[in-house]
Amino acid sequence: MSSRSRRFTAVTALGVVAGLGLALAPAPTTSVPAVETFAPQLVTVDTPTRAAKDRLTSLGLDLTEHA
């Protein structure tokens, strides 16, 4: 896999993860909020550079790292 392809995959995965985070975020409400449950999802994200890894960790996601 080329460096450009890995970078595209990483950026796409980050976009998907960010989109999921926004989609799953509860909307503000004035009534008692309902408890929402959803199944955890696992995605693989390549981080070709240290800067990409730092950006991913800054998102506050639950990370499982395998170096």
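Look up: the structure comes first, before these words.
The paragraphs below set out a description of the structure included in this document. (Residues numbered from 1 in each chain as written. Predicted model: local features only at pLDDT ≥ 70, side-chain atom pairs only at ≥ 80, totals over all residues. Heavy atoms only, no water.)

When you go through the protein residue by residue, the secondary structure sums to 2 helices and 0 strands. The 67 residues of the protein split such that 7% are buried. Accessible surface for the protein amounts to roughly 6,000 Å². Of this, 60% is attributable to carbon and sulfur atoms. (Helix = DSSP H or I, 4+ residues; strand = E, 2+ residues; numbered from the N terminus. Buried < 20%, exposed > 50% of the residue type's maximum accessible area, 1.4 Å probe, protein only. Areas by Shrake-Rupley, 256 points an atom, 1.4 Å probe, with all protein chains shown as cover.)

Taken as a whole, this structure holds 1 salt bridge when the rule is applied. Across the pair R50 and D54 runs a salt bridge, and its minimum N-O distance is 3.5 Å. Taken together, the residues R50 and D54, both in helix α2 (residues 50-57) and 4 residues apart, mark about one turn of the helix. (Salt bridge = Lys/Arg side-chain N within 4 Å of Asp/Glu carboxyl O.)

This part is about a nonpolar patch on the surface. On the surface, L59, L61 and L63 cluster together to form a nonpolar patch covering roughly 230 Å² of accessible area. Take L61: it is sitting in the segment after α2. You can call L61 partly exposed: its relative accessible area is 36%. (Patch = residues over 30% accessible without salt bridge, like charges linked within 9 Å, V, L, I, M, F, W, Y side chains within 5 Å.)

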